[in-house]
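Structural features, examined
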Amino acid sequence: MVRSVSNFIGLAGQPAESSWFIIPVTTWISALNPSNDYEDQSKVAEFGLEDDCPPFRGMHEYIPLIAGATLTAVDAIKDNLCDVAVCWDGGRHHAQKSHASGFCYVADCVLAILALRRIPPCPPSVPPRRSRILYLDLDLHFSDAVSHAFHNPSQSVGSQVLTLSIHHAAPGFFPASSLAALPDPEDASFDPFTLSMPLQTGASCRTFVRVWPIVEAIKDTFQPDFIVIQCGVDGLAGDPMATWNWSIGGQGSLGWCIDRIVHGWSGKKLLLGGGGYNSPNAARAWAFLTSVAASGLGLSKRDVDLTTLMRRFQTIRAFPLYQPSFTLDVPAGNMQDQNSDEYVQRIENVFGKVQHILQRRLSGERPS
């Protein structure tokens, strides 16, 4: 079931939380109308419908379906139908305000956060407070649209939303953003509720084991009521981006992280998809993560023999794509992990300061 959002699209407004808004999509949808011949290149550029986001037939239907799917997952959480909701078609974290970018045509992540922000904490907090939403992005690429949407260095005290993006950042690597760098708590533009953890080339399970306590510490300090996790899989070994060397099983893996979030953290969770340019591996990963979220079984041995499925579904044309292993496993390759002890120590030092500032802000202390 998909919730229709054909009458509106959620878009990020100004940085202040009170200024978020939903705007009519007359101009946006008109740009997506299938009868539009797209000869007006200024309109195409205005809405970002070029380069990696070209217009395509059915686009005017596709956009509200993606947004509606994510909002349906939020509704399932709101209506107490589940503690963990999943929408693998969601996670379009590059879509800007009425502007497509990075293969993302609609800002469903922002829509989800806005919708969750209106749901009261359950159980009610003592003393009473507004719901807190932690957005954790595990995609190889920085969550520029989401992070910029909620970035507000001028806010005097706490925020309902904290974004933490773990990604790769380097000169010329998409997307270019000053917020993609390791935060500087001394900088005037620093916002302790908009955080980035850039990892170097070759990031592997070993690095994620090392930095994961930082994620846990931020979570423990913020104490979110809802957690939105963008599960991009373009950092897995074998992806054409060839930048990280992550795997889906074993200690420090993507599955290991999701297992800890889903079964170890308080609060309700929303799992979204994201980037991933090796289609068989993306299917493997999201099927694997679905099983992790649903079962919570141990992660020591998760290889599933797909030949068993072949005997039941011999007409599946995509089956040869899973050779030669025919398993759900996406093992790490031979890429060297360039996240040195010195670099990870630098991340730990910075986030130690960030956590201290975050604690003070959440206690009501105003920035100096």
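This structure is a prediction, so every number in the text was calculated from the model and none was measured.

What counts as what
- Think of each chain on its own: its residues are numbered from 1, step by step along the sequence as written.
- Residues qualify for local features only when their pLDDT is at least 70, as the model is predicted, and side-chain atom pairs are given and counted only at 80 or more; totals for whole chains, interfaces and linings, by contrast, use all residues.
- For the side-chain quantities, the full set of heavy atoms in the structure was used; hydrogens and water were omitted.
- Strands here mean DSSP runs of E at least two residues long; helices mean DSSP runs of H or I at least four residues long; both are numbered from the N terminus.
- Three labels apply to residues, based on accessible area from a 1.4 Å probe with only protein chains included: buried if under 20% of the type maximum, exposed if over 50%, partly exposed otherwise in between.
- Here a residue-residue contact requires only that any non-hydrogen atoms of the pair lie within 4.5 Å.
- Between the rings of Phe, Tyr and Trp (Trp by its six-membered ring), a pair exists once the centres lie within 6.5 Å; its type follows the angle of the planes, with under 30 degrees stacked, over 60 edge-to-face, and the other angles tilted.
- Only Lys NZ and Arg CZ are tested; either one counts as a charge over a ring when it is within 6 Å of the ring centre and within 35 degrees of the ring normal.
- Think of a patch as exposed residues, more than 30% relative accessible area, with no salt bridge, where like charges cluster within 9 Å and nonpolar side chains (Val, Leu, Ile, Met, Phe, Trp, Tyr) cluster within 5 Å.
- Accessible surface area values rest on a Shrake-Rupley calculation with a 1.4 Å probe, where residue burial reflects the displayed protein chains alone.
- Salt bridge, as used here: a side-chain nitrogen of Lys or Arg that lies within 4 Å of a carboxyl oxygen of Asp or Glu.
- For two strands to pair, DSSP has to find at least two bridges joining them.
- Fitting a line to C-alpha atoms yields each axis, with helices limited to the stretch in contact; the angle taken between N-to-C directions then spans 0 to 180 degrees.

This paragraph deals with the overall build of the chain. Broken down by element type, the chain carries 10 helices and eight strands. A burial count over the chain gives 53% of its 368 residues as buried. Looking at the chain alone, contacts between residues at least 24 apart form 78% of all its contacts between residues at least 6 apart.

Attention now goes to the packing of aromatic side chains. How two aromatic rings sit relative to each other is set out by the distance from centre to centre and by the angle between their planes. A full pass over the atoms with the stated rule returns 11 aromatic pairs. Centroid distance F56 to Y105: 5.4 Å. Interplanar angle 90 degrees. Geometry classified as edge-to-face. Residue F56 is located in the loop between α2 (41-46) and α3 (59-78), and its partner Y105 is located in the loop between β3 (84-87) and α4 (108-117); the two are separated by 49 residues in the primary sequence. F56 sits in the partly exposed class, given a relative accessible area of 32%. Judged by centre distance (5.6 Å) and plane angle (75 degrees), the rings of F208 and W244 are edge-to-face. Placement of the pair is F208 in helix α6 (residues 205-222) and W244 in the loop between β7 (226-230) and α7 (254-264), with a sequence separation of 36 residues. By relative accessible area, which is 1% here, F208 ends up buried. Taken together, the ring pairs connect F56, Y62 and Y105 into an aromatic cluster. Lying over the aromatic face of F222, R132 brings its terminal NZ or CZ to 5.7 Å of the ring centre.

Looking now at a nonpolar patch on the surface. On the surface, F103, M241 and Y277 cluster together to form a nonpolar patch covering roughly 280 Å² of accessible area. Topologically, M241 is positioned in the loop between β7 and α7.

Let us look at the environment of P367. Within the fold, P367 resides in the segment after α10 (341-362). On the basis of relative accessibility, which here comes to 37%, the residue P367 falls in the partly exposed class. Sequence separation between P367 and P153 is 214 residues, and the spatial gap between their C-alpha atoms is 9.6 Å.

Our focus in this paragraph is the pattern of salt bridges. Under the criterion given, the structure shown has seven salt bridges. Taking the shortest distance from any N to any O, the salt bridge between R206 and D337 comes out at 3.4 Å. Taken together, the positions of R206 in helix α6 and D337 in the loop between α9 (306-312) and α10 put the pair 131 residues apart, joining distant regions of the chain. Judged by relative accessible area, which is 14%, D337 ranks as buried. The shortest N-O distance in the salt bridge between D341 and R210 comes to 3.4 Å. Residue D341 is found in helix α10, and its partner R210 is found in helix α6; the two are separated by 131 residues along the sequence. The network of salt bridges with common partners includes R210, D341 and E348.

A few words on the sheet that holds strand β5 (residues 161-168). Taken together, the six strands give an open sheet; going across it, the order is β3-β8-β7-β4-β5-β6, and neighbouring strands pair in parallel fashion. A strand with exactly one partner marks an edge of an open sheet, and here the two such strands are β3 and β6 (194-199). Between one strand and the next, the sheet's axes are offset by a mean angle of 15 degrees, whatever the strand orientation. Direction of pairing for strand β4 (residues 133-137) relative to β5: parallel, over a ladder of five bridges. Paired with I133 across the two strands is V161, which belongs to β5. Strands in contact with α4 are β4, β5, β7 and β8 (268-272); relative to β4, the strand with the most contacts, it is inclined by about 160 degrees. Packing against the sheet, α7 makes contact with β3, β4, β7 and β8, and its axis sits at approximately 150 degrees to β8.

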